[in-house]
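# Close look at the chain arrangement
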Amino acid sequence: MSASAIGTQRITMAKAINLGLRRALERDEKVMLMGQDIGALGGVFRVTDGLQKDFGEERVVDSPLAESGIIGTAIGLALAGYRPVCEIQFDGFIFPGYDQITTQLAKMHYRSRGRLNLPVVIRVPFGGGIGAVEHHSESPEALFAHTPGLRVVSPANPADAFTMIQQAIASPDPVLFFEPKARYWDKADIDVRAAGQALDLGGDTVGLHTARVVTPGTDITVAAYGPTVSTALAAAGVAGQEGTSVEVIDLRSISPIDFDTLIASVRRTGRLVVVHEAPVFFGAGAEIAARVTEHCFYSLQAPVLRVGGFHVPYPVANIEEEYLPNLDRVLHAIDSAMAH
Amino acid sequence: MQSSSVPSLVKEPGVIQPDLDGVTTPVGSFDDDLIQLLTPQGERVHHETYSARVEDLDLHALQGLYRDMALVRRFDNEATALQRQGELGLWPQCLGQEAAQIGSGRALATQDYVFTSYREHGVAWTRGLDLRKILHSFRGQDHGGWDSAAHNFHLYTLVIGSHALHATGYAMGIQRDGDVGTGDPGRDRAVVSYFGDGATSQGDVSEALVFASVTAAPVVFFCQNNQWAISEPTARQSRVPLVQRGGGFGIPSVRVDGNDVLACYAVTQEALERARSGGGPTFIEAVTYRMGAHTTSDDPTRYRSRAEEDYWRQRDPIARLRTLLVAEGTGEDFFEGIEAESETYAEDVRAYCRALSSPDPITMFDHVYAEDHPLVSAERAWFAEYEAGFTGEEAHR
Ligand SMILES: Cc1ncc(C[n+]2csc(CCOP(=O)(O)OP(=O)(O)O)c2C)c(N)n1
Ligand SMILES: [Mg+2]
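Predicted model, so just to flag it, every value in this text is computed and none were measured.

## Quick word on the nonpolar core
With 81 residues, the main nonpolar core has Ile122 and Leu176 of chain A as its most contacted residues. When residues in this core are grouped by element, the largest group, 8 residues, is from helix α1 (residues 13-27) of chain A. Residue-level mapping places this core at the junction of two domains, with at least three residues from each of domain 1 (3-207) and domain 2 (212-338) of chain A. Formed by 69 residues, the second largest nonpolar core is a distinct cluster that contains Leu158, Val256, Ile284 and Ile318 of chain B.

If you want it as structure tokens, here you go:
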């Protein structure tokens, strides 16, 4: 079944990424997928379900169990003209490949004075809230955003997932594609054909790094990405009933960050709360707070607040709800900001 | 070597032959190089080198090995059931790998040290660990909270292959302490690192082999080739039997029938003796089978055949020992006794697991550092105050 032949349908984020990958495989024979258990099994989250069957073992490759090997050989394949899309099985297992990502993948274009491009995508199911064991719930995106040469994005809904995965694959730069695994089974209506046409018209990567105002509001801005966008929206709903008008921004991209959209919003609302699952210490929210303060100092009516993980290793599943930036913690931050 | 009526899966010894009558995985499983002392039919086989090592295992000792394997299997099955009932988040079964784990584990001395991945419940048993404690981490209550030093049994490692280096480093420490080659059986020590077929692809495992080899560290690499790394057959990791990994590093290597508890005991004992006496590392490939799913989250029907599972069911490690025990004079009452003991044990495991209560959320701030860290302290204080704010007030969640 060709991805582009499907009209509007109600699909999960996992399926949306699957369709995006399928469309990319259809349209560019240089695109290939590699990773652990992505073939017959379809990946542990079934994101690549059916792709090996339809595109063959040469293009959808069950890799040996070695992340450094997966990313290192993806670099070589990219140098040979391919567009590898690597799946890392879980966030916590990207680290054996961290060396290849930071010392090689991120720097090759720079070192070659622009002669070499590495259009490699690394897909990483990330984040917590699924009751998993150790190393299966982490949010390491800041480490990659901190690395010049990498682009870092994270979709929050099925439609974005469908579009953004294809834009990431089209990008001439390496892209870390963080998939909020707790949201894999969230459904939305997508007109896949229209979304595909929009991609063709809009240009391959245009909009990949653009933030979106999901809900407009006037009193306070809440910025989130990936798994926390739905939490931010829920908080906006509750706060709205209590009389606070919240503007929710889905950042969609962590490197680069669409500061134009963010700053314009904060200049209007005068307050900002940033929500992510990663520890706030040296996290994306810290960078956002600093820059927004530089640009919006005279508009701010409260300090920029961050809601996120504590400075502890991701805790055991029984208490992860208390660790995660849940609805109450976001509301608490909104209240604190409004109290100024 | 194989004296059974079950057909050999290997046409060309030493070279992987996948895709045989729908049995895709038993790559070079049974060939002349495979050390076996007990056939799948429960008959003893003589081996020039290794038979001597099991001679002193009398009927009582063999019954002990049987009891180990039967109780571990019962524990494992109970844990699987507890996961199905929602009492555990996940369970990685050791079903089918009991001989590899008990045979090797029973060759260990008290002072030896063990590093495993996450499926080695049988090894844990031989170290005297209360297996119920393993349930904690799969229930989401701790990250492996047993006292590893008390059992010389390190915490489970979930990041594939990492601990092969830890084992090697620990062995290097033993070497520096002079606890190798003294000839004092109460002093000389060794380390065993357990990992899977998939793990052999990780750089960390190759690096561990390098370090162990050049330092002649007293470490045994015990690779349980259970034919699968989740959905990937061993053929995705290697074109030759994994035992050949050791040779290139200059490490003596043996390939053993991992479903034969006697052979596993014998080869591990030999490797441990070599390590403790200063002879350096050994690589053991134990050819076994993951009879269950990868974990309770897995669906093996997507990637392997019933025929293959049947093939391996005929090689069940417990069944063959039972046959031997009967042949050597064990009466039905022994097995009934084990059965009854298993049931009592399972009930106890069940009750224990259900009675476990969640940790207090504030404990997430414990033990991040050994010494005070102001940020953690400040966050802990903030969290305590924040949580206190909810008393009497309904949380939104
Ligand atoms: C570094 C790393 N990458 C990926 C995973 C995900 N994962 C968990 S178990 C497993 C397969 C392991 O296979 P093997 O080494 O053969 O051990 P087995 O599970 O068969 O005992 C994978 C890929 C992981 N735990 N760690
Ligand atoms: Mg395996």
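## Considering the domain arrangement of chain B
As assigned here, chain B comprises domain 1 (27-355) and domain 2 (361-396). Using C-alpha coordinates to define each centre, domain 1 of chain B is positioned 40 Å away from domain 2 of chain B.

## Side note on the sheet that holds strand β1 (residues 113-115) of chain B
The pairing of strands in a sheet comes from backbone hydrogen bonds and takes either a parallel or an antiparallel form. Residue and element names in this part refer to chain B. The 5 strands are arranged β1-β2-β3-β7-β6 in an open sheet whose pairing can be described as parallel. The outermost strands of the open sheet, each flanked by one partner alone, are β1 and β6 (253-257). On average, adjacent strands in this sheet sit at an angle of 20 degrees to one another, irrespective of strand direction. Direction of pairing for β6 relative to strand β7 (residues 282-287): parallel, over a ladder of 5 bridges. In the sheet register, Asp257 faces β7, and the bridge partner there is Val287. This element, helix α2 (residues 98-105), spans β2 (191-196), β3 (219-225) and β7 of the sheet and lies at about 165 degrees to β3. On top of the sheet, helix α7 (residues 203-215) reaches β2, β3 and β7; it is set at about 150 degrees to β3, its chief contact.

## Some words on the coordination of the magnesium ion (ligand 2)
Residue and element names in this part refer to chain B. Around the magnesium ion (ligand 2), the protein supplies Asp197 (OD), Asn226 (OD1) and Trp228 (O) as donor atoms, at distances of 2.1 to 2.2 Å. Each donor residue of the magnesium ion (ligand 2) lies on one chain, and together they are spaced D-x28-N-x1-W. Note that Asp197 is positioned in the loop between β2 and α7 and Trp228 in strand β4 (residues 228-229), a separation of 31 residues in sequence. In this pair, the class of Asp197 matches that of Trp228, namely buried.

## Remarks on the interface of chain B and chain A
Counting residues at the interface gives 46 residues for chain B and 44 residues for chain A. Between chain B and chain A the total buried area reaches about 3800 Å² when both faces are included, carbon and sulfur atoms providing 61% of it. The tally of links from chain B across to chain A stands at 17 residue pairs in polar contact (both at pLDDT 80 or more). Listing elements by their share of the side of chain B that touches chain A, those giving two or more residues are α4 (132-138) and α13 (374-388) of chain B. Class assignment for the residues of the side of chain B that touches chain A results in 22 nonpolar, 13 polar and 11 charged.

## Topic: the site of ligand 1
What surrounds ligand 1 is a group of 21 residues, the closest being Glu67 of chain A together with Tyr118, Arg119, Leu158 and Gly198 of chain B. Ligand 1 is flanked by residues contributed from chains A and B. Here an oxygen atom of ligand 1 and a side-chain polar atom of Asp197 of chain B are 3.1 Å apart. In the environment of ligand 1, an oxygen atom lies 2.9 Å from a nitrogen or oxygen atom belonging to the backbone of Ala199 of chain B. When the free accessible area of ligand 1 is taken as 580 Å², the share hidden by the protein chains comes to 96%. Classifying every residue of the shell around ligand 1 gives 11 nonpolar, 7 polar and 3 charged.

## Brief notes about the environment of Arg239 of chain B
Mapped onto the secondary structure, Arg239 of chain B falls in the loop between β5 (232-233) and α8 (244-248). Once the C-alpha coordinates of Arg239 of chain B and Val210 of chain B are considered, the two residues, 29 residues apart in sequence, prove to be 21 Å apart.

## Here we look at the sheet that holds strand β14 (residues 305-309) of chain A
All names here are of chain A. What the 5 strands build is an open sheet, ordered β9-β11-β10-β13-β14; its pairing is mixed. Among the strands making up the open sheet, the edge pair consists of β9 (212-215) and β14. Geometrically, the sheet is characterised by an average inter-axis angle of 25 degrees between neighbouring strands, direction not taken into account. Note that β9 and strand β11 (residues 246-250) share 3 bridges and pair antiparallel. Counterpart to Val213 in the pairing with β11 is Ile249. Its contacts with the sheet place helix α13 (residues 327-338) against β10 (220-224), β11, β13 (272-279) and β14, and it is angled at close to 165 degrees to β14.

## Here we look at the pattern of salt bridges
Counted under the stated rule, the structure contains 37 salt bridges over all chains. Of the charged contacts in the structure, one is a salt bridge between Asp49 of chain A and Arg302 of chain B, with a shortest N-O distance of 2.6 Å. Here Arg302 of chain B lies in the loop between β7 and α10 (306-313) and Asp49 of chain A lies in the loop between β2 (31-35) and α2 (51-55), a pairing that spans two chains. You can call Asp49 of chain A partly exposed: its relative accessible area is 36%.

## Section: the domain arrangement of chain A
All names here are of chain A. Taken as a whole, chain A is organised into domain 1 (3-207) and domain 2 (212-338). A straight line from the C-alpha centre of domain 1 to that of domain 2 covers 26 Å. Residue-level contacts link 26 residues of domain 1 with 22 residues of domain 2. Each partner contributes to the roughly 1700 Å² buried at the junction of domain 1 and domain 2, and carbon and sulfur atoms together form 52% of this total. Among the salt bridges present, the one from Asp160 reaches Arg212, with a minimum N-O distance of 2.9 Å. The interface formed by domain 1 and domain 2 contains 14 residue pairs in polar contact (both at pLDDT 80 or more).

Conventions we followed
Residues numbered from 1 in each chain as written. Chains lettered and ligands numbered in written order. Predicted model: local features only at pLDDT ≥ 70, side-chain atom pairs only at ≥ 80, totals over all residues. Heavy atoms only, no water. Core = buried A, V, L, I, M, F, W, Y, C linked by side-chain atoms within 4.5 Å. Buried < 20%, exposed > 50% of the residue type's maximum accessible area, 1.4 Å probe, protein only. Helix = DSSP H or I, 4+ residues; strand = E, 2+ residues; numbered from the N terminus. Domains from an automatic or database assignment. Pairing = 2+ DSSP bridges. Axes fitted to C-alpha atoms, helices over the stretch in contact; angles between N-to-C directions. Contact = heavy atoms within 4.5 Å. Donors = N, O, S within 2.8 Å, 3.2 Å for Na, K, Ca; no water. Buried area = accessible area lost by both parts, 1.4 Å probe. Polar contact = N/O pair within 3.5 Å; in protein donor to acceptor, adjacent residues only side chain to side chain. Nonpolar A, V, L, I, M, F, W, Y, C, P; charged D, E, K, R; others polar. Near = heavy atom within 4 Å. Areas by Shrake-Rupley, 256 points an atom, 1.4 Å probe, with all protein chains shown as cover. Salt bridge = Lys/Arg side-chain N within 4 Å of Asp/Glu carboxyl O.

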